[in-house]
Amino acid sequence: MGHPQPPTGWHKWAFPALGILIGLVAIGLSVALPVLTELWGALAFLAVLGISYRRRIPWLRDDLSPQEPFGRPVKQEVQTVLLVLGIALAFQLVRWLADGGALRSRTGDDDEGYIFLAYQILGYFDTPPIFALRPPGWPLIISGLVSLFGHRAIWSVGLYHRLLLALFPPLLYLVLRRFVRRPVAITAALLSLTMEYNEIIATAALSDLSYAATSLFLLYALLMTLASERPRRWLIAASLIAVAKTLIRLSGLGVVVAGAVALILLTPGRLARRLGRAAVLVAPTLVAVLGLGFYNQARTGQFGLSTVGSFTLLFHHGPFLSRAPDTPAFRELSRLLPEVPPEYLFRSTGDLWITQYRFTKQGHTIFDYGDLTDRAARELVFTLPSEYLTRLGEGVIIMLLDPLRGVLPDSWVYYPPVPYERVLKDDLPACNIQSTFGADVKTQWCSQYEQLRSWLRFEPPWLSGLPALPQRVAHLLTISLPYRLRLLTWPLYWGLAGFGSLILLLTRPTTRRLAILIGLPLLVEFALTILVTNGIETRYLFYFHPAYLIAVWLTLACLIHPSEPDAKG
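All of these numbers come straight from a predicted model, not from anything done at the bench.

The next subject is the pattern of salt bridges. Counting across every chain of the model gives 14 salt bridges. A salt bridge links Arg-182 to Glu-77, with the shortest nitrogen-to-oxygen separation between them at 3.0 Å. Residue Arg-182 is found in helix α8 (residues 182-191), and its partner Glu-77 is found in the loop between α2 (34-54) and α3 (78-98); the two are separated by 105 residues along the sequence. For Glu-332, the salt bridge identified is with Arg-375, shortest N-O distance 3.6 Å. Note that Glu-332 is positioned in helix α15 (residues 328-335) and Arg-375 in helix α17 (residues 366-383), a separation of 43 residues in sequence. A relative accessible area of 25% places Glu-332 in the partly exposed class. Since its relative accessible area comes to 32%, Arg-375 is described here as partly exposed. Through salt bridges that share partners, Asp-208, Arg-249, Glu-537 and Arg-539 make up one connected network.

If you want it as structure tokens, here you go:
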């Protein structure tokens, strides 16, 4: 009888080699077909979730109970918060250096508009600013930065954005830590560093990032208002954040009102107490909005707040119309643009800028143009309701499926071609400020601004002295690597996953209140964004990502947890 032969050991390396081969093939296919890249990320997430579930690795805290609306207050978290903040801060500062430490080398129309208002606030021009096309919140922040670092140091805006981004991970950690175990909360917080932020926004003088940050700050302040032993100070903080949010973008008023409704629903006790908290949250914002209207009235004679909403609706939806409405406001706009056949009005996004400049050049104000676009927007919605609703539905799907928009029809996600030849570039003024704010801007202000702009430093003067090799390494680690990691983490930012998670969280007693607190402002923000945009611009997704992250991570924890904590109540 023979003895068994010792194993040759081939199986020890065969299966790892096969796994590596499969991985290489998957990566190769992902490079060849971008859609597979996202699917590869989904498979990686499913693998992690499957291993966690099979090994019965708990994600949720075991001491949750339905009687505690947001879990027990988390104590002694200072060291962990400082650790997460330190990692995020180092990451963002190195990323700032890797970006060149500055804004993009050329500012665009929106950037120049905000910078011009900031210079007006600082008194560089002989006229006070008029906050019609841009509200004052973000220009005030820019003016504070350039007054601190010098009026040439516009690079400070990019640095401010990076510092702002560094606050996201610790805040996400603090929210999630009330429900999940520390390792899960730390992992979720640090993976947020790969969030799909548009790098142009993070290094430009645009208001989007500050507006998105106020959403997360407001959520945390409201959460602490409901969970803290000292709710009054947190409610005051929330009301101040609400003012900042609305003055950065006036659409924030709708989100603040949604937060007040959430307070009414979630605050325990008598109705008077609930209404009192809601009033404290909303009242300062209403005062600020009314103050802005009276300020503009004192400067122009008109009680105006913003000319942006209807302009944005026409700008985003116009190119997707099959025809222009034959209505009074559209006929008036068509007369301002005789080069364009009336049926093709606003099929090109630049037409609105040209009509604005020509309209204000006739002696009208930017508020008058706002009234005209308001009427045109209403006419579009009520005259062509089916076309507007069709594009609205497409926009909803685009924003819910991001970043899988590659599977959607090209006619949904790309602007249609202009169906005729015309050259209107020469009709725009050489001064971008006049293009943005209209012909009301004096020519001497344009030349004065151009001189100021020529002195702007888009990067710190000492940055050019750094060796090239460290900058390349920094670029690899903080820009190239996170870009690739996003392919693995994209399910956390998927709109369908976010809203689906909220539905699941609403069914569980321990997470229902948090779902309401997240969900009401998110629904309002999403609705406002969709109503005036076409879903294509990914920068608006900044407003939703923090809410997606919290909802999806918490849902994953609920699904992975081997026991049912809700039954312990």
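Still to come is the rest of the account.
By secondary structure assignment, the location of Trp-96 is in helix α3. Spatially, the C-alpha atoms of Trp-96 and Arg-162 are 6.6 Å apart, while their sequence positions differ by 66 residues.

Another point: the nonpolar core. Counting 141 residues, the largest nonpolar core has Ile-142, Ile-154, Val-180, Leu-281, Leu-517 and Ile-550 as its most contacted members. Ranked by residue count, the leading element in this core is helix α10 (residues 208-227), at 13 residues. Beyond its immediate stretch of four places on either side in the chain, Ile-550 contacts Leu-172, Val-175, Leu-176, Leu-216, Leu-219, Leu-514 and Ile-518.

Here we take up the state of the cysteines. In the structure shown here, the tally under the stated rule is one disulfide. In this model Cys-431 forms its disulfide with Cys-446; the gap between the sulfur atoms is 2.2 Å. Across the disulfide from Cys-431 to Cys-446, rotation about the S-S bond amounts to roughly -85 degrees, and the bridge is consequently left-handed. Of the two residues, Cys-431 is situated in the loop between α19 (410-413) and α20 (432-437) and Cys-446 in helix α21 (residues 443-454); the sequence distance between them amounts to 15 residues. The exposure class of Cys-431 is buried, given its relative accessible area of 8%.

Okay, the side chain of Thr-555 next. Counting through the fold element by element, Thr-555 comes out in helix α25 (residues 545-560). Among all residues touching Thr-555, those that are not within four sequence positions of it are Ser-501, Leu-504 and Leu-505.

This brings us to helix α23 (residues 495-506). In a regular helix each residue adds 1.5 Å, so 12 residues correspond to 16 Å; α23 covers 17 Å between its end C-alpha atoms and thus fits that length. Within the sequence span of α23, burial applies to Gly-495, Gly-498, Phe-499, Ser-501, Leu-502 and Leu-505. Around the axis of α23, the buried residues are gathered within 150 degrees of arc, so they sit on the same side. Elements that come into contact with the buried residues of α23 comprise α18 (385-401), α24 (512-532) and α25.

So, on to the packing of aromatic side chains. Within the structure shown, the criterion is met by 24 aromatic pairs. Geometrically, the ring pair formed by Tyr-119 and Tyr-124 is edge-to-face, given 5.2 Å between the ring centres and 80 degrees between the ring planes. Taking the centre distance of 6.3 Å and the plane angle of 55 degrees together, the rings of Tyr-119 and Tyr-449 count as tilted. With Tyr-119 in helix α4 (residues 109-121) and Tyr-449 in helix α21, the pair connects residues that are 330 residues apart, well separated along the chain. We note that Tyr-119, like Tyr-449, is buried. Here the aromatic residues Tyr-211, Phe-499, Phe-526, Tyr-540, Tyr-543, Phe-544 and Tyr-548 are joined through ring pairs into a cluster of three or more. Cation over ring: Lys-245 sits above Tyr-211, and NZ or CZ is 3.6 Å from the ring centre. Over the ring of Phe-320 we find Arg-391, and its NZ or CZ is 3.7 Å from the ring centre.

As a packed pair, α18 and α24 sit with axes 9 Å apart at the nearest point and diverge in direction by 130 degrees. Of the possible angle classes, the one that applies to α18 and α24 is oblique. Handedness of the crossing formed by α18 with α24: right-handed. In this structure, α18 contributes Tyr-388, Leu-392, Gly-395, Val-396, Met-399 and Leu-400 to the contact, and α24 contributes Phe-526, Thr-529, Ile-530 and Leu-531. For the contact of α18 with α24, the per-class residue count stands at eight nonpolar, two polar and no charged.

So, about the environment of Asp-109. Structurally, the position occupied by Asp-109 is in helix α4. As for Asp-109 and Ser-435, which are separated by 326 residues in sequence, their C-alpha atoms are 8.1 Å apart. Not counting the four nearest positions on each side in its chain, Asp-109 is found in contact with Asn-432 and Thr-436.

Attention now moves to the confidence of the model for the protein. The predicted model of the protein has a mean per-residue pLDDT of 85, with 87% of residues at 70 or higher. Low pLDDT, under 50, characterises residues 565-569; the predicted model gives this stretch 10 contacts beyond four residues in sequence or across chains.

This part takes up unusual backbone geometry. Despite not being glycine, Phe-346 shows a phi value in the positive range, around 65 degrees. Within the fold, Phe-346 resides in the loop between α15 and α16 (351-361).

A surface patch of nonpolar side chains, about 610 Å² in accessible area, is lined by Leu-469, Val-473, Leu-476, Leu-477, Leu-481, Leu-485 and Leu-488. Summarising the element assignment, Val-473 is placed in helix α22 (residues 468-489). Given the relative accessible area of 40%, Val-473 is considered partly exposed.

To continue, consider α15. All of the buried residues along α15 are Ala-329, Phe-330, Leu-333 and Ser-334. One side of α15 holds all its buried residues, which, seen down the axis, span an arc of 140 degrees. For α15, the secondary structure elements touched by its buried residues are α14 (308-317), α16 and α17.

The description of two packed helices rests on the angle between their axes and on the distance between the axes. Two numbers describe how α3 lies on α22: the axes approach to 8 Å, and their chain directions differ by 115 degrees. Considering their axes alone, α3 and α22 lie roughly perpendicular with respect to each other. Viewed along their axes, α3 and α22 form a crossing whose handedness is left-handed. Only Gln-471, Ala-474, His-475, Leu-477, Thr-478, Ile-479 and Pro-482 of α22 make contact with α3, whose side of the interface consists of Phe-91, Val-94, Arg-95, Leu-97 and Ala-98. Partitioned by chemical class, the residues of the contact of α3 with α22 number eight nonpolar, three polar and one charged.

Calculation notes
- Residues numbered from 1 in each chain as written.
- Predicted model: local features only at pLDDT ≥ 70, side-chain atom pairs only at ≥ 80, totals over all residues.
- Heavy atoms only, no water.
- Salt bridge = Lys/Arg side-chain N within 4 Å of Asp/Glu carboxyl O.
- Helix = DSSP H or I, 4+ residues; strand = E, 2+ residues; numbered from the N terminus.
- Buried < 20%, exposed > 50% of the residue type's maximum accessible area, 1.4 Å probe, protein only.
- Core = buried A, V, L, I, M, F, W, Y, C linked by side-chain atoms within 4.5 Å.
- Contact = heavy atoms within 4.5 Å.
- Disulfide = S-S within 2.5 Å.
- Expected span 1.5 Å × (residues − 1).
- Arc of directions from axis to C-beta.
- Phe/Tyr/Trp six-rings, centres within 6.5 Å; stacked < 30°, edge-to-face > 60°.
- Lys NZ or Arg CZ within 6 Å of the ring centre and 35° of its normal.
- Axes fitted to C-alpha atoms, helices over the stretch in contact; angles between N-to-C directions.
- Parallel < 35°, antiparallel > 145°, perpendicular 65-115°, else oblique.
- Left-handed = near helix turned anticlockwise from the far one by under 90°.
- Nonpolar A, V, L, I, M, F, W, Y, C, P; charged D, E, K, R; others polar.
- pLDDT = per-residue confidence, 0-100.
- Patch = residues over 30% accessible without salt bridge, like charges linked within 9 Å, V, L, I, M, F, W, Y side chains within 5 Å.
- Areas by Shrake-Rupley, 256 points an atom, 1.4 Å probe, with all protein chains shown as cover.

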